Amino acid sequence: MTALPYFLLFVFGTAIGSFLNVLIFRYAPEGRLFDAKRLGGRSHCPYCGHVLGALELVPLLSYAIQWGKCRKCGHRLSAQYPAVEFISGAIFAGLPLFFNSFYAKSSILFAAFSLPAWYYILVLVWITVFLVWLTIVVIDLRHYVIPNALNAILLVCGAIVMFITLRYDSLLFPFRDSFLKQYQLIFSPVSGIIANHLLGLIFGLVLFGALVLLSRGRGMGLGDVKLAAVAGLLLGWPDIVLATMLSFILGGVLSVILVLFRKKTMRDKVPFAPLMVLGFVLTVFFGAALITGYFHLFSL
Ligand SMILES: [Zn+2]
């Protein structure tokens, strides 16, 4: 296995991350996310308006060389720039590696164009999903809102994943239509790929819809309900159940810590999307391993 293709994917990913930063920084909750007028115009320092030159636009490196400061006015720049660029690069390089191992495909990415086209599409859709999740986390942290356009992209991705899994199930490694692998059998009341994905969607919709109704919109918003529903379609049943449980556990632990350290009170607004996304991501990467560990804990 040569590392070069993955390095190139990482570099490409940081450039996409640079674009995501533009999308995030120029977003205002009252406007649309993909607004040509807002997205047009050259990148500039938010503090002094200095228009960035070619070298200042290089992802990660420009931030490092300038010590995280504007070259003109010396104002400290947000750590969000390198963070989003790095995570985006890691998504581009890491997801193909992960899925190659998950589906037991050859890990030689470019030498192995013998892999069927649908497989590349599947991995590309998952890369898109992770990029959208990243964007949602940062926007929710900044504005306590999830743009509808992002949930709409996830809905389309969920439908594509469902249909590819359905169409090529026989070509997939056994038990790879769920990130819980063989454990999906214990928890699935229905069999059938479409049924599981639709059940996941309904689970997200009903559970989070009920939470919004019960809390009268104080805890969560409709954006969270949509995020949970499309994640249900994408991950399917029973994956979405594990993902949701993980996000609630993480949320509980985090609330206790924040209240103990008096960073927040019980009445404060907390953005929930980052916790949900953390639950989704943990389920994708460690779903089956977490359940194995859980069973071992109780020696089952
Ligand atoms: Zn400046």
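Quick caveat: nothing in here was measured; it's all calculated off a predicted structure.

About the criteria used
Within each chain, residue numbers correspond to sequence positions counted from 1 in written order. Per-residue local features of the predicted model are confined to residues with pLDDT of at least 70, and side-chain atom pairs are confined, for both listing and counting, to 80 or more; whole-chain, interface and lining totals are unaffected and use all residues. Water and hydrogen atoms were dropped before computing side-chain values, which therefore reflect all heavy atoms in the structure. Note that domain bounds follow an automatic or database assignment of domains. By the convention used here, residues are in contact when the closest approach between their heavy atoms is within 4.5 Å. Buried surface area refers to the total accessible area, computed with a probe of radius 1.4 Å, that the two partners give up upon joining, counted for both partners together. Donor atoms: N, O and S within 2.8 Å of the metal, or within 3.2 Å for Na, K and Ca. Because water is excluded, sites can look incomplete. A four-donor site is classed as tetrahedral when every donor-metal-donor angle falls between 85 and 135 degrees; four donors are called square planar, and six octahedral, when trans pairs exceed 155 degrees and all remaining angles lie between 65 and 115, with any other arrangement labelled irregular. The way it works is that DSSP assigns letters per residue, a run of H or I at least four long becomes a helix, a run of E at least two long becomes a strand, and they are numbered from the N terminus. Here, the term nonpolar core denotes a set of buried Ala, Val, Leu, Ile, Met, Phe, Trp, Tyr and Cys residues that are joined through side-chain atoms within 4.5 Å. Here the term buried applies to any residue with accessible area under 20% of the maximum for its type, exposed to any over 50%, and partly exposed to those in between, with areas from a 1.4 Å probe on protein chains only. Think of each axis as a best-fit line through the C-alpha atoms, taken over the contacting stretch in the case of a helix, with angles from 0 to 180 degrees between the N-to-C directions. Whether a crossing is left-handed or right-handed is set by the direction in which the near helix is turned from the far one by less than a right angle, anticlockwise for left-handed and clockwise for right-handed.

Participant: So what about the domain arrangement of the chain? Which residues, and what values?
Facilitator: Assigned domains within the chain: domain 1 (1-115) and domain 2 (147-300). Distance from the C-alpha centre of domain 1 to the C-alpha centre of domain 2: 26 Å. The partner domain 2 presents 13 residues to the 10 residues of domain 1 that form the contact. Carbon and sulfur atoms supply 82% of the area buried between domain 1 and domain 2, which totals about 920 Å² over both sides. Looking only at domain 1, the three residues that lose the most surface to domain 2 are Phe98, Phe102 and Tyr103, adding up to 54% of its buried area.

Participant: Could you give me a rundown of the coordination of the zinc ion, with the residues and numbers involved?
Facilitator: For the zinc ion, the full set of protein donor atoms is Cys45 (SG), Cys48 (SG), Cys70 (SG) and Cys73 (SG), at a range of 2.3 to 2.4 Å. Of note is the zinc ion, whose four donor atoms meet at the metal with angles of 105 to 118° in an arrangement that counts as tetrahedral. Written as a sequence motif, the donor residues of the zinc ion are C-x2-C-x21-C-x2-C. In this pair, Cys48 is assigned in the loop between helix H2 (36-39) and helix H3 (61-65) and Cys73 in the loop between H3 and helix H4 (80-102), connecting sequence segments 25 residues apart.

Participant: Residues and numbers for the nonpolar core, please.
Facilitator: Counting residues in hydrophobic clusters, the biggest one holds 63 residues, and the most contacted among them are Phe99, Trp126, Val129, Phe130, Trp133, Leu227 and Phe280. A per-element tally of this core places helix H5 (residues 117-143) first, with 17 residues. Taken together, domain 1 (1-115) and domain 2 (147-300) each give at least three residues to this core, which thus spans both. The contact partners of Leu227, leaving out residues within four places of it in the chain, are Trp133, Ile136, Ile146, Asn151, Leu154, Ala273, Met276, Val277 and Phe280. Judged by nonpolar contacts, the second largest core, of seven residues, contains Leu180, Tyr183, Leu242 and Ala288.

Participant: Could you give an account of the environment of Leu52, naming the residues involved and the relevant values?
Facilitator: Here Leu52 shows up in the loop between H2 and H3. Once the C-alpha coordinates of Leu52 and Cys70 are considered, the two residues, 18 residues apart in sequence, prove to be 9.3 Å apart. Setting aside residues no more than four positions away along its own chain, Leu52 makes contact with Arg42, Ser43, His44, Cys45 and Leu57.

Participant: How would you summarise the packing of helix H1 (residues 4-25) against H5 if you had to cite specific residues and measurements?
Facilitator: Angle between the axes and distance between the axes: these two values describe a pair of packed helices. Close contact between H1 and H5 brings their axes to 10 Å; oriented N to C, the two are set at 35°. Seen from above, H1 lies across H5 with right-handed handedness. Together, Ile16, Leu20, Ile24 and Phe25 of H1 and Leu131, Leu134, Thr135, Val138, Ile139 and Arg142 of H5 make up the contact between the two elements.

Participant: Provide a residue-level description of unusual backbone geometry, including the pertinent values.
Facilitator: Here the amide bond leading from Trp237 into Pro238 is cis, since omega sits at 0°, within 30 degrees of zero. With respect to the helices and strands, the residue Pro238 is situated in the loop between helix H9 (222-235) and helix H10 (239-260). In the Ramachandran plot, Leu60 falls in the positive-phi region, its phi being about 60° despite a non-glycine side chain. Mapped onto the elements of the fold, Leu60 is located in the loop between H2 and H3.

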